[in-house]
Amino acid sequence: MLTRSLATFMNAFTASDYTMYPFSTQNSKDFQNLLSVYLDAVFFPCLRELDFWQEGWRLEHVSPDDPGSPLVFKGVVFNEMKGVFANNENLYAQHLQNKLLPDHTYSVISGGDPLHIPKLTWEELKSFHATHYHPSNARFFTYGDMPLEQHLQQIQEEALCKFHNIDPGTSVPIQPRWNEPRECHVTCGPDSLAPDPAKQTTYSVSFLLGDITDSFETFTLSLLSSLLVSGPNSPFYKALIDTRIGTDFSPSVGYDGSTREACFSVGLQGIAEHDIKTVKQIITKIIDEVIENGFEEERIEALLHKVEIQLKHQTTHFGLALATYVATNWNHDGDPVEMLRISEKVTRFRQSLKDNPHFLQDKVKQYFKENPHQMALSMSPDVGYLENQTKVEKGKLQEKVNSLSLEERQEIYKKGLELIAAQSTSPDSSSLPALEISDIQQTFPLTPVEMSYVEGEVPVQYCSQPTNGVVYFKAFTNLNTLPEELKPYVPLFCNVITRMGCGNLDYRQQDQQIELKTGGMAVSPKILQDNDNLDMYEQGVLFTSLCLDRNLPDMMQLWMDIFNSPRFEDEEHLRVLVMMAAQELANGIPDSGHQYAAVRAGKTLTSAGRLQEMFNGISQVQHMKRIAEKPELLTVLRKLPRIKMHLLSNENMRCAVNATPQVIPEASKEVEKFIRNIPGFGKKKKDKKLNRSNITEKALNPEEAGGEVSAGSGATKKLVFEPTFKACQMKTHFQLPFPVNYVSECVRTVPYMHPDFINLHVLARLLTAKFLHREIREKGGAYGGGVNLSHSGLFTFYSYRDPNSIDTISAFRRSVDWAKAGKFTQEDIDEAKLSVFSTVDAPVAPSDKGLDRFLYGISDEMKQKHREQLFAVDHDGLVGVANKYLTTGHSTWGAAILGPENESIARDPTWIQR
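All figures in this text were calculated on a predicted structure; none of them were measured in a lab.

Draft legend 1. Examining the overall build of the protein chain more closely. Broken down by element type, the protein chain carries 31 helices and 26 strands. Its C-alpha atoms give the protein chain a radius of gyration of 28 Å, within 12% of the compact-globule value 29 Å for 914 residues. The dimensions of the protein chain, computed from C-alpha atoms along their principal axes, are 90 × 75 × 60 Å. Across the 914 residues of the protein chain, 53% fall into the buried class. The long-range share in the protein chain, meaning contacts at least 24 apart out of those at least 6 apart in sequence, stands at 80%.

Draft legend 2. Highlighting the packing of aromatic side chains. Counted according to the given criterion, the structure contains 31 aromatic pairs. Between Phe43 and Phe140, the ring centres sit 6.4 Å apart and the planes meet at 55°, which makes this aromatic pair tilted. Placement of the pair is Phe43 in helix H1 (residues 28-43) and Phe140 in the loop between helix H4 (122-132) and helix H5 (148-158), with a sequence separation of 97 residues. Taking the relative accessible area as the measure of exposure, Phe140 reaches 34% and is therefore partly exposed. Arranged with centres 5.2 Å apart and planes meeting at 35°, the rings of Phe44 and Phe163 form a pair that is tilted. One end of the pair, Phe44, is in the loop between H1 and strand E5 (59-60); the other, Phe163, is in the loop between H5 and strand E7 (182-188), with 119 residues separating them in the sequence.

Draft legend 3. Quick look at the pattern of salt bridges. If you walk through the whole model with that rule in mind, you get 45 salt bridges. A salt bridge links Asp532 to Lys698, with the shortest nitrogen-to-oxygen separation between them at 2.9 Å. Of this pair, Asp532 sits in the loop between strand E16 (521-529) and strand E17 (536-548) while Lys698 sits in strand E19 (residues 695-699), and the two are 166 residues apart along the sequence. Across the salt bridge formed by Lys770 and Asp828, the nearest N and O atoms sit 3.7 Å from each other. On the criterion of sequence distance, the pair formed by Lys770 in helix H25 (residues 757-779) and Asp828 in helix H27 (residues 826-840) is long-range, its members being 58 residues apart. By relative accessible area, Asp828 is classed as buried at 14%. Through salt bridges that share partners, Arg4, Lys770, Glu827, Asp828 and Glu831 make up one connected network.

Draft legend 4. Region of interest: a nonpolar patch on the surface. A cluster of nonpolar side chains, namely Tyr413, Leu417 and Ile420, defines an oily patch on the protein surface of about 290 Å² accessible area. As for its placement among the helices and strands, Leu417 is situated in helix H15 (residues 406-423). Among the residues examined, Leu417 registers a relative accessible area of 47% and is labelled partly exposed.

Draft legend 5. Expanded view of the confidence of the model for the protein chain. Confidence along the protein chain averages 91 in pLDDT terms, with 94% of residues attaining 70 or more. Scored below 50 in pLDDT, residues 705-713 shows 14 contacts in the model against residues more than four places distant or in partner chains.

Draft legend 6. Representation of the nonpolar core. Membership of the largest hydrophobic core comes to 118 residues, with the highest contact counts inside it found for Phe236, Phe368, Phe473, Trp559 and Phe674. For Phe473, the residues in contact, after removing those within four places along its chain, are Phe543, Thr544, Ser545, Met555, Met556, Trp559, Cys655, Ala656, Val657, Val671 and Phe674.

Draft legend 7. Looking closely at the environment of Pro483. Mapped onto the elements, Pro483 comes out in the loop between strand E15 (470-478) and helix H16 (490-496). Separated by 163 residues in the primary sequence, Pro483 and His646 place their C-alpha atoms 9.0 Å from one another.

Draft legend 8. Structural context of the environment of Phe493. Checked against the element boundaries, Phe493 lands in helix H16. Placed 150 residues apart in sequence, Phe493 and Ile643 show a C-alpha to C-alpha distance of 7.7 Å. In this view, Phe493 contacts Phe568, Leu640, Ile643, Lys644, Leu647 and Leu648; residues no more than four positions away in its chain are not counted.

Draft legend 9. Up close: unusual backbone geometry. With phi around 60°, Arg244 is a residue other than glycine that occupies positive phi space. A positive phi angle, close to 55°, is found at Asn652, a residue other than glycine.

Draft legend 10. Representation of the packing of helix H6 (residues 215-229) against helix H13 (residues 359-369) within the structure. Orientation of H6 relative to H13, taken along the N-to-C sense of each, is 95°, at an axis distance of 11 Å. Judged by the angle between their axes, H6 and H13 are roughly perpendicular. For the pair H6 and H13, the contacting residues are Phe216, Glu217, Thr220, Leu221, Leu224, Leu227 and Leu228 in the first and Phe359, Leu360, Lys363, Val364, Tyr367 and Phe368 in the second. Grouping the amino acids of the contact of H6 with H13 by side-chain chemistry returns ten nonpolar, one polar and two charged.

Draft legend 11. Molecular detail of the side chain of Glu80. The topology assignment puts Glu80 in helix H2 (residues 76-84). No salt bridge forms around the buried Glu80; measuring N to O, its nearest opposite-charge neighbour Arg801 is 4.7 Å away. Aside from chain neighbours lying at most four places away, what touches Glu80 is Tyr783 and Arg801.

Draft legend 12. Broad picture of the pairing of strand E8 (residues 201-211). Counted residue by residue, E8 has ten buried out of eleven residues, so it is predominantly covered. As defined by bridge partners, E8 adjoins strand E11 (residues 261-271) across eight bridges and the pair is classed as antiparallel. Paired with Phe207 across the two strands is Phe264, which belongs to E11.

Draft legend 13. The packing of H25 against helix H29 (residues 860-872), seen in detail. Across the interface, H25 lies against H29 with an axial gap of 9 Å and an inter-helix angle of 60°. Classified by the angle their axes make, H25 and H29 are oblique. In this structure, H25 crosses over H29, and the sense of that crossing is right-handed. Here Phe757, Ile758 and Val762 of H25 lie close against H29, whose contacting residues are His866, Gln869 and Leu870.

Draft legend 14. Region of the structure containing the side chain of Thr477. For Thr477, the position within the fold is in strand E15. By relative accessible area, which is 1% here, Thr477 ends up buried. Reaching out from Thr477, the side chain makes a polar contact with the backbone oxygen of Leu647 at a distance of 3.2 Å. Residues contacting Thr477, with those up to four places away along its chain left out, are Gln539, Gly540, Val541, Phe543, Leu647, Ser649, Asn652 and Met653.

Draft legend 15. View of the sheet that holds strand E25 (residues 893-899). Across the sheet, which stays open at both edges, the six strands sit in the order E23-E24-E22-E25-E21-E26 with mixed pairing between neighbours. Each edge of the open sheet carries a strand with a single partner, namely strand E23 (784-789) and strand E26 (912-913). Inspection of the sheet shows strand E22 (residues 741-748) paired to strand E24 (residues 794-802) by seven bridges, in the antiparallel sense. Opposite Val747, over in E24, you have Phe795 as the bridge partner. The sheet contacts of H25 involve E23 and E24, and relative to E23 the element is tilted by about 175°.

Draft legend 16. Spotlight on the environment of Phe359. Examined against the element boundaries, Phe359 turns out to sit in helix H13. Of the residues examined, Phe359 reaches a relative accessible area of 11% and is grouped as buried. Counting along the chain gives 139 residues from Phe359 to Thr220, while the straight-line C-alpha distance between them is 10.0 Å. Not counting residues up to four positions away in its chain, the partners in contact with Phe359 are Phe216, Thr220, Phe349, Ser352 and Leu353.

Draft legend 17. Representation of H5 within the structure. Considered for burial, the residues of H5 that qualify are His151, Gln154 and Ile155. Each buried residue of H5 sits inside an arc of 100° when the element is viewed along its axis, so together they form one side.

Conventions used here
Residues numbered from 1 in each chain as written. Predicted model: local features only at pLDDT ≥ 70, side-chain atom pairs only at ≥ 80, totals over all residues. Heavy atoms only, no water. Helix = DSSP H or I, 4+ residues; strand = E, 2+ residues; numbered from the N terminus. Rg over C-alpha atoms; globule rule 2.2 N^0.38 Å. Buried < 20%, exposed > 50% of the residue type's maximum accessible area, 1.4 Å probe, protein only. Contact = heavy atoms within 4.5 Å. Phe/Tyr/Trp six-rings, centres within 6.5 Å; stacked < 30°, edge-to-face > 60°. Salt bridge = Lys/Arg side-chain N within 4 Å of Asp/Glu carboxyl O. Patch = residues over 30% accessible without salt bridge, like charges linked within 9 Å, V, L, I, M, F, W, Y side chains within 5 Å. Areas by Shrake-Rupley, 256 points an atom, 1.4 Å probe, with all protein chains shown as cover. pLDDT = per-residue confidence, 0-100. Core = buried A, V, L, I, M, F, W, Y, C linked by side-chain atoms within 4.5 Å. Axes fitted to C-alpha atoms, helices over the stretch in contact; angles between N-to-C directions. Parallel < 35°, antiparallel > 145°, perpendicular 65-115°, else oblique. Nonpolar A, V, L, I, M, F, W, Y, C, P; charged D, E, K, R; others polar. Lys, Arg positive; Asp, Glu negative; His and termini not counted. Pairing = 2+ DSSP bridges. Left-handed = near helix turned anticlockwise from the far one by under 90°. Polar contact = N/O pair within 3.5 Å; in protein donor to acceptor, adjacent residues only side chain to side chain. Arc of directions from axis to C-beta.

Here's what the structure looks like:
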């Protein structure tokens with residue numbers, strides 16, 4: 001259905017004790033189609049009776065005659081879960097839940113333990129579905145502006161009326177309480193990218209709390225958790241993070257309400273094993289101190305302000321957020337409507353504090369000091385962990401082989417051939433509903449913006465939107481004058497600039513003001529590809545923030561202080577931030593490995609690729625690891641004010657504001673005040689060693705004729721231009737201790753405004769849905785795979801949590817041959833167009849309206865031109881771009897693999913080993 005609808009979201013979520021099937025679309029006919037398919041998929045699935053092949057795994061290469069032939073697991077869920085637990089944070093969180101709640105549902109892994117998935121039989125799967133995936137055990141949630149009555153009628157007629165009510169017996173009982181605390185220890189694989197290889201132990205103490213169906217108690221404990229662990233002003237941050245015993249909080253820190261009874265955890269990762277006792281003592285000490293001293297009133301107000309912001313801030317997944325918010329409570333027969341009455345809970349919470357000044361302290365005493373149901377869990381690396389897991393897996397496989405009779409082997413072999421034949425045949429989707437291209441609007445709603453210029457130089461884009469009493473501010477400044485040796489430190493600068501203090505505020509006071517007056521302030525590096533030339537790009541930094549209308553002056557004052565007087569004197573606090581950043585980057589690779597592979601594969605294909613990899617690739621992970629390993633950070637600290645001189649200025653700056661129409665005038669005054677009072681205006685203009693030969697100016701307003709302007713015009717953006725850049729091929733294998741691979745291959749194609757871009761965009765969706773999904777996921781067993789074409793102009797093949805690597809690259813190449821041969825139908829093309837339209841027409845939050853124009857200079861007129869080109873895509877055009885850009889030798893390709901040791905790659909001199 002991904003290619004037969006305009007779905008803006010379509011997925012399935014597996015929680016510890018429920019499965020959710022969410023989808024969304026803006027088209028009413030599409031909604032009915034998707035609802036019909038989802039009802040069928042959930043309640044009337046086709047459970048194929050293939051006793052060797054199930055959703056999670058299948059057995060391959062079982063010779064019917066040779067009892068010693070190898071047996072191989074290949075399956076989507078099998079490799080998904082291997083990938084999940086390649087992340088030590090996920091592994092730790094899973095052990096924590098299993099051991100804190102050991103007597104029922106939560107003692108097992110809901111997604112499936114890779115070593116136990118093969119035990120599942122078809123009969124068990126079918127029986128489980130019959131009771132658990134039954135309307136008597138289901139709950140339905142809809143959100144939006146389409147008539148509810150029609151939804152209810154469709155659900156009744158297509159599903160509910162076809163079943164009799166049963167008692168599914170799925171209620172989760174209360175966990176029997178312990179009489180005394182417990183301790184557990186588990187092992188994991190070592191992390192080669194950890195900030196300190198000698199400190200890879202994780203330790204936390206977890207407390208079982210109360211029943212989540214008590215919605216006010218849940219609300220109170222969630223707020224209490226934030227007061228205890230969120231931000232540098234929280235007591236556990238001060239005692240655990242600031243003391244630099246470890247690199248960051250332990251996984252699952254804070255409140256967790258995802259189970260029948262909630263829990264709270266606190267601890268550290270990245271500690272030495274001998275520091276476990278110290279961490280335990282600190283946790284006990286802080287609990288006693290909080291019971292004695294309570295919390296500052298200003299911190300409580302900052303937290304309640306955050307709740308208010310969350311209620312007003314609109315996102316494109318607002319309905320999904322509501323559904324997931326109420327799902328866990330509702331699943332245990334809590335009141336979902338009561339859960340949504342947040343304002344009433346805030347009022348009751350304030351009254352509880354007024355009635356009893358020790359209200360929160362009493363909760364800490366009840367749930368932490370006097371609660372014997374607590375568990376101390378430690379985890380440390382074992383160098384043989386991955387090898388042992390592989391050995392156990394192979395042993396279980398061999399055990400299965402040995403248990404098969406000759407007749408069983410012959411039957412498995414026969415069914416294996418049937419399966420391969422079935423997978424190689426295009427599925428008949430004629431029974432599935434689909435939108436038609438004619439159902440799509442020829443035009444789309446325009447987003448008007450107004451431009452003004454402060455001092456005739458700094459452009460400010462104003463976009464009036466129904467923002468629900470929230471103001472959104474963005475600013476972009478470029479890095480053109482920054483010396484090359486400082487560029488690797490830009491991501492670190494962005495990470496710490498809002499977290500080290502500014503003006504008269506130290507870092508704790510700054511954090512408090514940000515929480516009291518804003519919904520967050522973020523800074524991130526940005527490489528913006530030019531729309532017309534792949535060898536031109538903008539390099540810079542994006543500043544974003546939001547606040548309630550009433551707090552706009554305070555938010556802009558905070559930005560003014562950050563730009564004018566950031567504080568870079570605290571080396572000890574910088575060390576804390578560096579360790580946290582390095583740990584976060586290292587932990588993130590198993591969950592985002594395909595993205596790291598893609599960035600690396602594109603490194604040598606465009607002039608922006610090198611910088612992209614420096615900022616967002618494995619190189620940045622390794623760079624942060626090297627910084628974290630430094631015995632002192634004074635040399636790093638001294639680089640920050642140097643970066644500030646080139647970056648925090650109104651020179652080469654542009655700003656954007658989204659707010660309600662009545663607030664725009666006030667916002668204009670505050671933004672102009674900010675721009676006029678930061679460095680830049682009034683000082684003598686100097687070229688800061690800027691190499692003018694590689695900088696070109698283009699009109700910021702995309703409607704200006706030709707886009708080219710003379711130097712010195714205020715309404716410009718300054719792009720880096722590398723006319724001598726030559727793309728070259730590079731293939732890199734990063735050998736990492738993972739049981740699965742992340743694979744990417746990139747091809748340099750064309751920029752956004754090139755006539756062939758839209759054909760390539762449709763071709764990417766076509767290859768994904770009609771070839772690579774079958775080859776990489778269904779046959780290959782990877783959790784995901786396909787092709788993306790982004791604004792970068794790189795045609796990016798990828799796979800995710802993949803048991804294969806070289807075979808997957810072969811599948812990429814076969815997909816190209818398939819496309820060049822034109823082995824697709826007009827129906828296939830129309831479905832691919834629908835898939836592209838689902839992205840093009842995806843809803844945009846009020847906060848992000850006009851963002852493409854602000855960042856990339858993509859106007860509504862340019863989007864409409866693309867829309868017209870998209871309607872016109874045809875078979876010849878798709879075959880033409882496949883031959884023109886994807887033929888080996890015609891274009892430059894790059895490749896990267898993150899994964900385990902690979903003998904064939906090791907023998908191939910064309911691969912660089914890392």
